[in-house]
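# What the coordinates show
Chain residues, written in single-letter form:
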Amino acid sequence: MIETYIDPSPVNFQAFKDLPRDEPIHMLNLVLYRDEAEYPDGHEHAGKDWSGRRAYEEYGRTSGSIFRRVGGSIVWRGAFQTMVTGPEDRVWHDGFVAQYPNAGAFFEMIKDEDYQKAVVNRTAALEDSRLVRFAPGNAGEGFG
């Protein structure tokens, strides 16, 4: 059985909060969409029969201006093709790397009242996800 994750655990989120907040960060996002979005009863999009991908597009539309306002940008995006190293039954639909000028900008975004409304679309959209923080490094021609 595959374990799934949509939101950070308290332990993982505390580890994230304990890291420096004044340096640039890259956030690797791996997402697996639900076949059908699962909105809470009474939500404006409940009952629209949206796919998970459509709900995630709504998340991007409704959170994008906040993401950009805090200085965020997407530095890489790709569509999953196959698992080379890892469990054969693990698949993702999309992956991307979001860049923030610092971790404080990420916290500013997630605390924003409009972002908190928008993130309902993300939760409704996803069957599984991973969000991994990296310190940006230098790109080059080799692996080391």
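Rules of the game
Residues numbered from 1 in each chain as written. Predicted model: local features only at pLDDT ≥ 70, side-chain atom pairs only at ≥ 80, totals over all residues. Heavy atoms only, no water. Helix = DSSP H or I, 4+ residues; strand = E, 2+ residues; numbered from the N terminus. Rg over C-alpha atoms; globule rule 2.2 N^0.38 Å. Buried < 20%, exposed > 50% of the residue type's maximum accessible area, 1.4 Å probe, protein only. Contact = heavy atoms within 4.5 Å. Areas by Shrake-Rupley, 256 points an atom, 1.4 Å probe, with all protein chains shown as cover. Core = buried A, V, L, I, M, F, W, Y, C linked by side-chain atoms within 4.5 Å.

This next bit is on the overall build of the protein. Broken down by element type, the protein carries four helices and four strands. From first element to last, N terminus to C terminus, the protein shows the α and β order α-β-α-β-β-α-α-β. On C-alpha atoms alone, the protein measures out to a radius of gyration of 16 Å, which is about the 15 Å that the 2.2 N^0.38 rule sets for 144 residues. Projected onto the principal axes, the alpha-carbon positions of the protein cover approximately 50 × 40 × 30 Å. When the 144 residues of the protein are sorted by exposure, 34% land in the buried category. A sequence separation of at least 24 residues applies to 77% of the contacts in the protein between residues at least 6 apart. A total of about 9400 Å² of accessible surface is found on the protein, and carbon and sulfur atoms cover 51% of it.

Take the nonpolar core next. Within the largest apolar cluster, 26 residues are counted, with the highest numbers of intra-cluster contacts made by I25, Y56, Y100, F106 and M109. Excluding residues within four positions of it along the chain, F106 makes contact with F16, I25, M27, Y100 and L131.

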